[in-house]
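Listed below are the residues making up each chain.
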Amino acid sequence: KSAGERRAELAAMGVELLKARKARSLGLDQDPAYLHRRDDFLRDLVTVQLVKQLRAKYIPTDEQFAAYYKDHPQDFTIPERRRLQQIVVKTKEEAKKLRKQIAKETTAENDPFYKLAQEKSLDPAAGRTSGVLGWVTQGDGKVMAELEKVAFALKVKEVSQPVESPRGWHLIRTLEVVAPEQLTLEKINDSDKRERYNEFFFKEKMTPYLAELRKQHKVVVDPEWFGRVTLPSGPPEAPSAVKPSLG
C-alpha cells in the first residue's frame, strides 16, 4: 500500500475512535442491547481461547501420534468395500425364477441383471440406477443387515439366493471389491487424513471434558431475561469500511 493509502486508513481509524469516545460520553455504552452484544463478543472471544488451549493439550504431537499408530494398527485400516446391486420382487418364487433366468442368459457379452433390475425391481430408483446400490462397507448401515451378511460372502458377479426383508425378496450381488488397506504413517502425515485424526482425538477428549463441566456447573435459563432486554433486529449500520470498534 502507498503512503497515502496508509494515511487514509489511519484517518478512518481515528474517526472511529472519536465516535466511540463520543458514544461513551453520552452513556451509550450502558445501553442494555450494547452490553448484551459486548458480553456475547467477550464470551465468544474467551471461548475461542479456551478451545485453542485445549487443542494444544489434546491433539497429539508427531511422536505421540506415531506411538498410537504403532499400538493401534486396526484404527488405521480402511475396511473392505463392495459395490452392490440388487433386484427386489414380491415373492420368493419370483426371485427364484429371476435367478434362473439370469444364470441362463448370462454370457461373456451379455449381463441381463441390469435390464431385469430396471424392469422387475420394486425399488423405485431401479429404473435410474439399474439396482446399483453403490459402495458399502460392513456395518456402515447403508443396506439392511440381512443383505449385507449375504453380499459380503459372495464372489464377484455371483447372484445370491433369494433373501427376505421387510421390503420383499432380494437377489443381490457384488459388482466390485476393494480389499482392506493398511494406511502407512507416511501416507497419513502427507494427506488431510492426519488433520481428520487430530479432530477425532480432540473430540474424543472434549466429550468427557464437557460432560464433567456440565456436571460441575448447573446451567439455568432465566425466562425473565427475555422481557428485560430488547435486542436490535439487525446489524448496526457501518458508515465506513473499517470494522466498528466495540470499545
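In the block above lies the structure referred to throughout.
Residues numbered from 1 in each chain as written. Predicted model: local features only at pLDDT ≥ 70, side-chain atom pairs only at ≥ 80, totals over all residues. Heavy atoms only, no water.

Draft legend 1. Highlighting the overall build of the chain. Along the backbone of the chain there are 10 helices and six strands. Against the 2.2 N^0.38 benchmark of 18 Å for 247 residues, the chain shows a C-alpha radius of gyration of 31 Å, more extended than a compact globule. Taking all 247 residues of the chain together, the buried fraction comes to 26%. A fraction of 67% describes how many contacts in the chain between residues 6 or more apart in sequence connect residues 24 or more apart. Surface summary for the chain: the accessible area is close to 17,700 Å², and the carbon and sulfur share equals 56%. Taking the average location of the 44 positive side-chain charges in the chain and that of its 37 negative ones, the two points are 2 Å from each other. (Helix = DSSP H or I, 4+ residues; strand = E, 2+ residues; numbered from the N terminus. Rg over C-alpha atoms; globule rule 2.2 N^0.38 Å. Buried < 20%, exposed > 50% of the residue type's maximum accessible area, 1.4 Å probe, protein only. Contact = heavy atoms within 4.5 Å. Areas by Shrake-Rupley, 256 points an atom, 1.4 Å probe, with all protein chains shown as cover. Lys, Arg positive; Asp, Glu negative; His and termini not counted. Charge placed at Lys NZ, Arg CZ, Asp CG, Glu CD.)

Draft legend 2. Looking closely at the side chain of Ser 121. Tracing the sequence through the fold places Ser 121 in the loop between α5 (113-120) and α6 (126-129). For Ser 121, a relative accessible area of 13% puts it in the buried group. Residues in contact with Ser 121, not counting those within four places in the same chain, are Ile 87, Val 88, Leu 116 and Ala 126.

Draft legend 3. How the structure looks around the environment of Val 143. Mapped onto the elements, Val 143 comes out in the loop between β3 (132-137) and α7 (145-151). By relative accessible area, Val 143 is classed as buried at 13%. The spatial distance from the C-alpha of Val 143 to the C-alpha of Leu 171 is 13 Å, given a sequence separation of 28 residues.

Draft legend 4. A nonpolar patch on the surface, seen in detail. Taken together, the side chains of Phe 41, Leu 42 and Leu 45 present a nonpolar region at the surface, about 270 Å² in accessible area. Looking at the secondary structure, you find Leu 45 in helix α2 (residues 32-58). Classification of Leu 45 by relative accessible area gives partly exposed; the value is 44%. (Patch = residues over 30% accessible without salt bridge, like charges linked within 9 Å, V, L, I, M, F, W, Y side chains within 5 Å. Salt bridge = Lys/Arg side-chain N within 4 Å of Asp/Glu carboxyl O.)

Draft legend 5. Broad picture of the packing of α2 against helix α9 (residues 193-216). Where α2 meets α9, the axes come as close as 10 Å, and the angle between the chain directions of the two elements is 110 degrees. Relative to α9, the element α2 lies roughly perpendicular. Taken as a pair, α2 and α9 cross one another with a handedness that is right-handed. In this structure, α2 contributes Leu 50, Val 51, Leu 54, Arg 55 and Tyr 58 to the contact, and α9 contributes Glu 195, Glu 199, Phe 201, Phe 202, Lys 205, Met 206 and Tyr 209. Partitioned by chemical class, the residues of the contact of α2 with α9 number eight nonpolar, no polar and four charged. (Axes fitted to C-alpha atoms, helices over the stretch in contact; angles between N-to-C directions. Parallel < 35°, antiparallel > 145°, perpendicular 65-115°, else oblique. Left-handed = near helix turned anticlockwise from the far one by under 90°. Nonpolar A, V, L, I, M, F, W, Y, C, P; charged D, E, K, R; others polar.)

Draft legend 6. Broad picture of the sheet that holds strand β4 (residues 163-165). With respect to topology, four strands assemble into an open sheet ordered β3-β2-β5-β4, the strand pairing being antiparallel. At either margin of the open sheet sits one strand with a lone partner, and together these are β3 and β4. Put simply, the sheet's adjacent strands are angled 45 degrees from each other on average, direction ignored. As defined by bridge partners, β4 adjoins strand β5 (residues 168-178) across three bridges and the pair is classed as antiparallel. Among the inter-strand pairings, Ser 165 is bridged to a residue of β5, identified as Gly 168. Its contacts with the sheet place α5 against β2 (81-89), β3 and β5, and it is angled at close to 45 degrees to β2. (Pairing = 2+ DSSP bridges.)

Draft legend 7. A look at the layout of surface pockets. If you add up the space inside the second largest pocket, you get close to 170 Å³. What lines the second largest pocket is Gln 86, Asp 123, Leu 133, Val 136, Lys 142, Val 143, Met 144, Leu 147, Arg 167 and His 170. Grouping the amino acids of the lining of the second largest pocket by side-chain chemistry returns five nonpolar, two polar and three charged. (1 Å grid on protein atoms, 1.4 Å probe; cavity = no way out; pocket = protein on both sides within 12 Å on 5 of 7 lines; lining within 4 Å. Points joined across faces, edges and corners; volume = space filled by probe spheres on them.)

Draft legend 8. Looking closely at the pattern of salt bridges. Under the defined criterion, the tally for this structure stands at 16 salt bridges. For Lys 19, the salt bridge is made with Glu 16, and the minimal N-O distance between the two is 3.0 Å. With Lys 19 and Glu 16 both in helix α1 (residues 3-25), this residue pair falls three residues apart, about one helical turn. You can call Lys 19 partly exposed: its relative accessible area is 37%. Through salt bridges with shared partners, a single network forms among Asp 40, Arg 43 and Asp 44.

Read these as geometric descriptors, not functional statements.
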